[in-house]
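What follows is the residue order along each chain.
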Amino acid sequence: MGEKIKVDRVTKTFVVRDSDQKGARKEFTAISNMEFSVKEGEFLTIVGPSGCGKSTLLDLLGGLSTPTKGRILLDGQEIKGPGLDRGTVFQQYALFPWKTARGNIEFGLEAKGIPKREWRAQSDHYLELVGLKSFADRYPHELSGGMKQRVAIARSLAFNPDVLLMDEPFAALDAQTRETLQSELLRIWEKTKKTIIFITHGIDEAVYLGQRVVILSANPGRIKKIVEIPLKHRLADADIRSNPEFVKARHQVWSLLHEDEYAGLYI
Amino acid sequence: MVAISKQVKSAKRLHKLTINPLLALQKLVKQSIVLLLFFVVWEIAPRIGLVDPAFFPAFSEVASAWWNMLLSNELFSHFSASITRSIAGFGLAIAIAIPLGLVIGWYPIARDLLNPILELFRNTAALALLPVFILLLGIGETSKIAIVFFACTWPILLNTIAAVRNVDPLLIKSARSMNISSFSLFYKVILPASIPTMFTGIRMAGTGAILVLIAAEMVGAKEGLGYFITYSQYNFMIPEMYAGILTISILGLIINYGLLALEKRLSRWKQDPTV
């Protein structure tokens, strides 16, 4: 497996209002000297406390902002802006409410410049993949949260990006729906062989989904450790969360997240 | 899979709004009873001497005056004069204020520059400017269409600006992440997302159009419903006067329902807050 993405000593700072001095501005470091790489076809999860720069990192990967220092390489090329080689799934779905499930998926196809006569077959294919074929003509407000997120995933997959960037996509869902979608995402990943970078708050989620888990610490956001998760055949074991391997890995990640003496600051 | 079928079921339930005829009748009664009562009181009050029938004729008298005017085509000529003016002014306002509002909302610099003057105009009552319009444009059609245009412009313009500014940033982010051009972003995201708020302004303008037009016609016009009302008052044609007022209400209702229907068509995707 080749190297798909390389985050090369990336620092991102913002100018923010200084809360101590009225009217003054100061520099705020969201991400400091971050370095890691993602292998082709890998499922990488990133977990960390609030303020660890997770969303900033995703914006950088998506090309919606640029690093202050360092660079991010995708297939050896520096990321300079947004592109259809990466698809982003947001926590709040970000579906266009005036478009049906199908319309939302076709929005991505149109953005990619795929001829209109192929849209129908493609959107059908991806609706089928996320199990929403009979909901093609529903508007987002007619769908449940879990279904909306399925549409959002289908939309991102439809323009066939190499990399799927996911920003806490299941955080707003109830526990049961979340578990269902997690295993469906694994199934889709195995089927489509995409490289996935998945950001989450949840330790369980990070361990369950990720082949490797990147653990971040906050203020400023930096990498604490990258942990390999040795689990195989996650989908074969219906209750893998009780598997001793899972429990061990989960505990390892938990300990890393909590070992700081400032643990109390992270909520 | 169980979870999916559960979701399927709940979504289906959402759509299963069967129409019960008894409930429909109940709804109709509930919606029309106060209206009917109003007409009954209008009919009875002058007959039993609660109000002076010379100044406040019974509803049946007004209705028959309305019917006679309708047959003699008198009503139609005033009605069409008014509706032509209001649609001309209103249409002109839509054609100019919406594109302008989109541009102002989209470019922060335009917003900053134009905001003070927009606030000034918005807070200038259109009717206060009526003498100015008449001085500049005479008492013909132009001044009336112009004042309707003026009155309609502000609510449409300001709501369009607000609509563009309040588009959910996440939708913009999501579209940008798909690397679409600025034009596509505007045309395919900003514009459709703005339609509901834009329509609030359009509906406000619709109401304003009638209001301002009638007042303008009362002051200086040779036809139109506003003119007809003052004319019949001067000539003591009281039932006709009320018939004219009633016609204005009907005109207002038509415009409002027309706009509502159009809005519903254009924003079918929106969740109906009353359901």
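All figures in this text were calculated on a predicted structure; none of them were measured in a lab. (Residues numbered from 1 in each chain as written. Chains lettered and ligands numbered in written order. Predicted model: local features only at pLDDT ≥ 70, side-chain atom pairs only at ≥ 80, totals over all residues. Heavy atoms only, no water.)

*Asks:* What is the right way to read the overall build of chain A from this model?
*Replies:* Helix and strand counts for chain A stand at 7 helices and 10 strands. The C-alpha atoms of chain A give 19 Å as radius of gyration, which agrees with the globular expectation for 267 residues (18 Å, within 12%). A principal-axis box enclosing the C-alpha atoms of chain A has dimensions of 55 × 50 × 35 Å. Within chain A, the proportion of its 267 residues that are buried is 55%. Total accessible area computed for chain A in this model is approximately 12000 Å², and 47% of it derives from carbon and sulfur atoms. Charge separation in chain A, taken as the distance between the mean sites of 39 positive and 35 negative side-chain charges, equals 3 Å. (Helix = DSSP H or I, 4+ residues; strand = E, 2+ residues; numbered from the N terminus. Rg over C-alpha atoms; globule rule 2.2 N^0.38 Å. Buried < 20%, exposed > 50% of the residue type's maximum accessible area, 1.4 Å probe, protein only. Areas by Shrake-Rupley, 256 points an atom, 1.4 Å probe, with all protein chains shown as cover. Lys, Arg positive; Asp, Glu negative; His and termini not counted. Charge placed at Lys NZ, Arg CZ, Asp CG, Glu CD.)

*Asks:* Is there a simple way to think about the UniProt feature "transmembrane region" (unreviewed entry) in chain B in this case?
*Replies:* Residues and elements named next belong to chain B. UniProt annotation of "transmembrane region" (unreviewed entry) refers to residues 83-108, 120-139, 146-165, 185-202, 209-229 and 241-262 when read in the numbering used here. What you have in residues 120-139 is 55% helix and 0% strand, and the ends, taken at the C-alpha atoms, are 26 Å apart. Across residues 146-165, helical content stands at 100% and strand content at 0%; the span's end C-alpha atoms are separated by 28 Å. (UniProt positions renumbered as here; feature names shortened; annotations may be inferred.)

*Asks:* Looking at this model, I keep getting lost on the UniProt feature "domain: ABC transmembrane type-1" (unreviewed entry) in chain B. Mind explaining?
*Replies:* When the UniProt feature table is mapped onto this chain numbering, "domain: ABC transmembrane type-1" (unreviewed entry) sits at residues 79-263 of chain B. The straight-line gap between the two end C-alpha atoms of residues 79-263 of chain B is 25 Å; of that span, 86% is helix and 0% is strand.

*Asks:* Is there a simple way to think about the sheet that holds strand β4 (residues 69-74) of chain A in this case?
*Replies:* Within a sheet, neighbouring strands are paired by backbone hydrogen bonds and run either parallel or antiparallel to one another. All names here are of chain A. Taking strand neighbours across the sheet as the criterion, the 4 strands line up as β2-β1-β4-β5 in an open arrangement whose pairing is antiparallel. Of all the strands in the sheet, the pair left with one neighbour each is β2 (25-39) and β5 (77-78). Bridge count for β4 against β5 is 2 bridges, and the pairing is antiparallel. Each residue of the ladder has a partner; that of leucine 73, found in β5, is glutamate 78. (Pairing = 2+ DSSP bridges.)

*Asks:* How should the interface of chain A and chain B be read in this particular structure?
*Replies:* How big an interface is tends to be reported as the loss of accessible area on association of its parts. In this assembly, 34 residues from chain A lie in contact with 25 residues from chain B. The contact between chain A and chain B buries some 2800 Å² in all, and 67% of this surface belongs to carbon and sulfur atoms. The three residues of chain A that bury the most area against chain B are Leu64, Trp98 and His141 of chain A, which together make up 23% of that side's buried surface. Inspection of the chain A/chain B interface yields 2 salt bridges. Its salt-bridge partner being glutamate 110 of chain A, residue lysine 188 of chain B comes within 3.0 Å of it at the nearest N-O pair. Our count for the chain A to chain B interface comes out at 4 residue pairs in polar contact (both at pLDDT 80 or more). (Contact = heavy atoms within 4.5 Å. Buried area = accessible area lost by both parts, 1.4 Å probe. Salt bridge = Lys/Arg side-chain N within 4 Å of Asp/Glu carboxyl O. Polar contact = N/O pair within 3.5 Å; in protein donor to acceptor, adjacent residues only side chain to side chain.)

*Asks:* I tried to follow the packing of aromatic side chains on my own but got confused; where do I start?
*Replies:* Aromatic rings considered in pairs are described by the distance between their centres and by the relative angle of their planes. Under the definition given, this model contains 21 aromatic pairs over all chains. Measuring from ring centre to ring centre gives 5.3 Å for phenylalanine 121 of chain B and tryptophan 154 of chain B, while their planes differ by 5°; the resulting arrangement is stacked. Taken together, the residues span a long stretch of sequence, with phenylalanine 121 of chain B in helix α5 (residues 108-122) and tryptophan 154 of chain B in helix α7 (residues 141-165) at a distance of 33 residues. One aromatic cluster in this structure is built from Phe38, Phe39, Trp42, Phe56, Phe59 and Tyr242 of chain B. Sitting over the face of the ring of tyrosine 208 of chain A, arginine 241 of chain A holds its NZ or CZ atom 4.1 Å from the ring centroid. (Phe/Tyr/Trp six-rings, centres within 6.5 Å; stacked < 30°, edge-to-face > 60°. Lys NZ or Arg CZ within 6 Å of the ring centre and 35° of its normal.)

*Asks:* What should I look at first to understand the pairing of β4 of chain A in this one?
*Replies:* All names here are of chain A. Note: strand β1 (residues 3-17) against β4, 5 bridges, orientation antiparallel. From the neighbouring strand, aspartate 8 faces β4, where its bridge partner is arginine 71. Taken together, β4 and the strand that follows it, β5, pair antiparallel across an intervening segment of 2 residues, in which aspartate 75 is found at a positive phi of about 55°.

*Asks:* In this structure, what is going on with the packing of helix α4 (residues 145-158) of chain A against helix α5 (residues 175-192) of chain A? I would like to understand it.
*Replies:* Residue and element names in this part refer to chain A. The geometry of α4 relative to α5 is characterised by a closest axis approach of 11 Å and an angle of 20° between their N-to-C directions. When the axes of α4 and α5 are compared, the pair comes out roughly parallel. Judged by the twist between their axes, the crossing of α4 over α5 is right-handed. Along the contact surface, α4 presents Gly146, Gln149, Arg150 and Leu157, while α5 presents Thr177, Thr180, Leu181, Glu184 and Ile188. Its residues placed into classes, the contact of α4 with α5 shows 3 nonpolar, 4 polar and 2 charged. (Axes fitted to C-alpha atoms, helices over the stretch in contact; angles between N-to-C directions. Parallel < 35°, antiparallel > 145°, perpendicular 65-115°, else oblique. Left-handed = near helix turned anticlockwise from the far one by under 90°. Nonpolar A, V, L, I, M, F, W, Y, C, P; charged D, E, K, R; others polar.)

*Asks:* Before we go on, may I ask you to explain the domain arrangement of chain A in this structure?
*Replies:* Residues and elements named next belong to chain A. As assigned here, chain A comprises domain 1 (3-85 + 162-262) and domain 2 (93-160). Measuring from the centre of the C-alpha atoms in domain 1 to the corresponding centre in domain 2 gives 25 Å. On the domain 2 side, the residues contacting the 17 residues of domain 1 number 14 residues. For the pair domain 1 and domain 2, the summed buried surface comes to about 1300 Å²; carbon and sulfur atoms form 71% of the total. (Domains from an automatic or database assignment.)

*Asks:* Help me understand the UniProt feature "domain: ABC transporter" (unreviewed entry) in chain A in this model?
*Replies:* As recorded in UniProt, the feature "domain: ABC transporter" (unreviewed entry) lies at residues 5-243 of chain A. Overall, residues 5-243 of chain A shows 30% helix and 29% strand. The separation of its end C-alpha atoms is 31 Å.

*Asks:* Please explain the sheet that holds strand β7 (residues 163-167) of chain A as it appears in this structure.
*Replies:* Residues and elements named next belong to chain A. Strands sit in the order β6-β7-β8-β3-β9-β10 across an open sheet of 6 strands; the sheet is mixed. Two strands bound the open sheet, and with one partner strand each, they are β6 (86-89) and β10 (222-228). The mean inter-strand angle of the sheet, taken between neighbouring strand axes irrespective of direction, is 20°. One ladder, built from 4 bridges, connects strand β3 (residues 43-47) with strand β9 (residues 212-217); its direction is parallel. Pairing of valine 47 across the sheet is with isoleucine 215, part of β9.

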